[in-house]
Protein chains: 2
Amino acid sequence: MHIDGIDKIILKNLMEDARAPILSIAREVGISGAAIHQRLRKLEKSGLIVGSKFVVNPKVLGFKTLAFVGIFLDAASTYKEALKRLKEIDEVIESHYTTGNYAIFVKILCKDNEHLMQVLNKQIQGIKGVSRTETFISLDQQIDRQLKI
Amino acid sequence: MHIDGIDKIILKNLMEDARAPILSIAREVGISGAAIHQRLRKLEKSGLIVGSKFVVNPKVLGFKTLAFVGIFLDAASTYKEALKRLKEIDEVIESHYTTGNYAIFVKILCKDNEHLMQVLNKQIQGIKGVSRTETFISLDQQIDRQLKI
DNA sequence: AATGAAAACCCCTCTTT
DNA sequence: AAAGAGGGGTTTTCATT
């Protein structure tokens, strides 16, 4: 997949502000709005553009504890089953099958530490095959960005 | 901060598709576009809505290796300095100061394992105060979502 | 790959309820 | 908190180059 300088300007703009008017980007790069449209269709068709989202700040709704949890499984064969359970837990916002110590590595968003403890004890630990977990609480997140175009 | 059912519908729509027309949301909830606008201004002023972004799929540009790296620091006092260096590394897309084993925990996006090795050896390990790192490569990410509204 | 034109639609604000 | 109206800009498509 090859993208040129104009594609980069389009992407940079929309990755920063998904509601940036196509026409204002058109004026910035010096081509017509129709051409930007055509390029956006191309970028969507290629799969590079996956979608767009509004970003919310969880803290404003009281979700102040972000944590990473490494999960040990009894047998690797239970991954699929465990994943199905994890998907049902709203607090789990990322899940990865990883190399290294853990079998599964998840990112969890909770209101506070007590809420996190509930999720760990009542939900995660209750999943069949989960033998042990290790938790890292994020005290300060200073970088949060996407691929640099 | 209190949000009602209408706010939730607005947020759910825009969190899924940041370019969803305000007027189509208005029709869905059965109030005027002006009212949606007013609510959006309120949600922005409260800080709940932080912004919007286009989401890109890094794999399409050849970035196929996602990894988490736990970083050990010699002395906690070097956190600020280390963070400054981390911000300069484009491949570092998240950075957290964490409880537990590590001092800093980062998420890294690379083209491949070789690229990851370069970033680890030539960039991360070169940061003053970094004594050791532990790497977890994500082989399969199956959950990636925001706070459930 | 880009253009200009055109119709439909939407954004946004203001005033009023 | 919401409605209605209105001007002006934007989206989107199409034929054309």
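Residues numbered from 1 in each chain as written. Chains lettered and ligands numbered in written order. Predicted model: local features only at pLDDT ≥ 70, side-chain atom pairs only at ≥ 80, totals over all residues. Heavy atoms only, no water.

Looking now at the protein's contact with DNA strand C. Taken together, 15 residues surround DNA strand C, and among them Arg19, Ser32, Ala34, Gln38 and Arg39 of chain A come closest. Expressed as a percentage, the sugar and phosphate content of the atoms of DNA strand C within 4 Å of the protein is 63%. The contact in question runs from a phosphate oxygen of DNA strand C to an N or O atom on the side chain of arginine 19 of chain A, over 2.9 Å. Note that a phosphate oxygen of DNA strand C is positioned 3.2 Å from one of the backbone N or O atoms of isoleucine 22 of chain B. Among the secondary structure elements, those contributing two or more residues to the surface near DNA strand C are α3 (33-45) of chain A together with α2 (22-29) and α3 (33-45) of chain B. The greatest single-element share of the surface near DNA strand C, amounting to four residues, is contributed by α3 of chain A. (Near = heavy atom within 4 Å. Polar contact = N/O pair within 3.5 Å; in protein donor to acceptor, adjacent residues only side chain to side chain. Helix = DSSP H or I, 4+ residues; strand = E, 2+ residues; numbered from the N terminus.)

What follows deals with the domain arrangement of chain A. According to the domain assignment, chain A consists of domain 1 (5-46) and domain 2 (58-138). With centres defined by C-alpha atoms, the gap from domain 1 of chain A to domain 2 of chain A works out at 38 Å. (Domains from an automatic or database assignment.)

Our next topic: the interface of chain A and chain B. Taken together, the contacts link 66 residues of chain A with 66 residues of chain B. Here chain A meets chain B over a buried area of about 6,300 Å², counting both sides, of which 60% is carbon and sulfur. Of all residues in chain A, the largest losses of buried area upon contact with chain B belong to Phe54, Arg145 and Leu147 of chain A, amounting jointly to 12% of the total for that side. The tally of links from chain A across to chain B stands at four salt bridges. Salt-bridge contacts for lysine 148 of chain B lead to aspartate 90 of chain A; the nearest nitrogen and oxygen are separated by 3.5 Å. At the junction of chain A with chain B, the criterion picks out 46 residue pairs in polar contact (both at pLDDT 80 or more). Of all elements in the fold, only α1 (5-16), β1 (49-56), β2 (65-73), α4 (79-87), β3 (92-98), β4 (104-110) and β5 (130-144) of chain A reach the threshold of two or more residues within the side of chain A that touches chain B. Residues that form the side of chain A that touches chain B fall into these classes: 37 nonpolar, 16 polar and 13 charged. Two elements, β3 of chain A and strand β5 (residues 130-144) of chain B, share five bridges in a ladder whose sense is antiparallel. (Contact = heavy atoms within 4.5 Å. Buried area = accessible area lost by both parts, 1.4 Å probe. Salt bridge = Lys/Arg side-chain N within 4 Å of Asp/Glu carboxyl O. Nonpolar A, V, L, I, M, F, W, Y, C, P; charged D, E, K, R; others polar. Pairing = 2+ DSSP bridges.)

Looking at DNA strand D, there are 15 residues lining it, with His37 of chain A together with Arg19, Ser32, Gln38 and Arg39 of chain B nearest. Atoms of DNA strand D within 4 Å of the protein belong to the sugar or the phosphate in 62% of instances, the rest to bases. Interatomic distance of 3.5 Å between a side-chain N/O atom of arginine 41 of chain A and a phosphate oxygen of DNA strand D. Those elements that place two or more of their residues in the surface near DNA strand D are α2 (22-29) and α3 of chain A together with α3 of chain B. Among the residues making up the surface near DNA strand D, the classes are represented as eight nonpolar, three polar and four charged.

The final tally for this structure, using the stated rule, is 16 aromatic pairs over all chains. Between the aromatic rings of phenylalanine 105 of chain A and phenylalanine 105 of chain B, the centroid separation amounts to 5.5 Å while the plane-to-plane angle is 40°, which identifies the pairing as tilted. Here phenylalanine 105 of chain A is found in strand β4, whereas its partner phenylalanine 105 of chain B is found in strand β4 (residues 104-110) on a different chain. By relative accessible area, which is 0% here, phenylalanine 105 of chain B ends up buried. On the numbers, 5.8 Å between centres and 10° between planes, the contact of phenylalanine 105 of chain A with phenylalanine 136 of chain B is stacked. Residue phenylalanine 105 of chain A is found in strand β4, and its partner phenylalanine 136 of chain B is found in strand β5; the two belong to separate chains. Put simply, the rings of Phe68, Phe72, Tyr102, Phe105 and Phe136 of chain A together with Phe68, Phe72, Tyr102, Phe105 and Phe136 of chain B touch in pairs and so form one group of aromatic residues. The ring of phenylalanine 72 of chain A has arginine 132 of chain A lying over it, and the distance from NZ or CZ to the ring centre is 4.2 Å. (Phe/Tyr/Trp six-rings, centres within 6.5 Å; stacked < 30°, edge-to-face > 60°. Buried < 20%, exposed > 50% of the residue type's maximum accessible area, 1.4 Å probe, protein only. Lys NZ or Arg CZ within 6 Å of the ring centre and 35° of its normal.)

This part is about the relation of the copies chain A and chain B. Laying chain A over chain B is done by rotating through 180° and shifting 0.0 Å along the axis; what remains is an RMSD of 0.1 Å. Put plainly, the chains are arranged around a two-fold axis. A shared interface surface links the copies, since 100% of the contact residues of chain A are contact residues in chain B too. (Least-squares fit on C-alpha atoms with pLDDT ≥ 70 in both.)

Per the UniProt record, "domain: HTH asnC-type" (unreviewed entry) is annotated on residues 3-64 of chain A. Annotation note: span residues 3-64 of chain A, helix share 53%, strand share 13%, distance between end C-alpha atoms 39 Å. (UniProt positions renumbered as here; feature names shortened; annotations may be inferred.)

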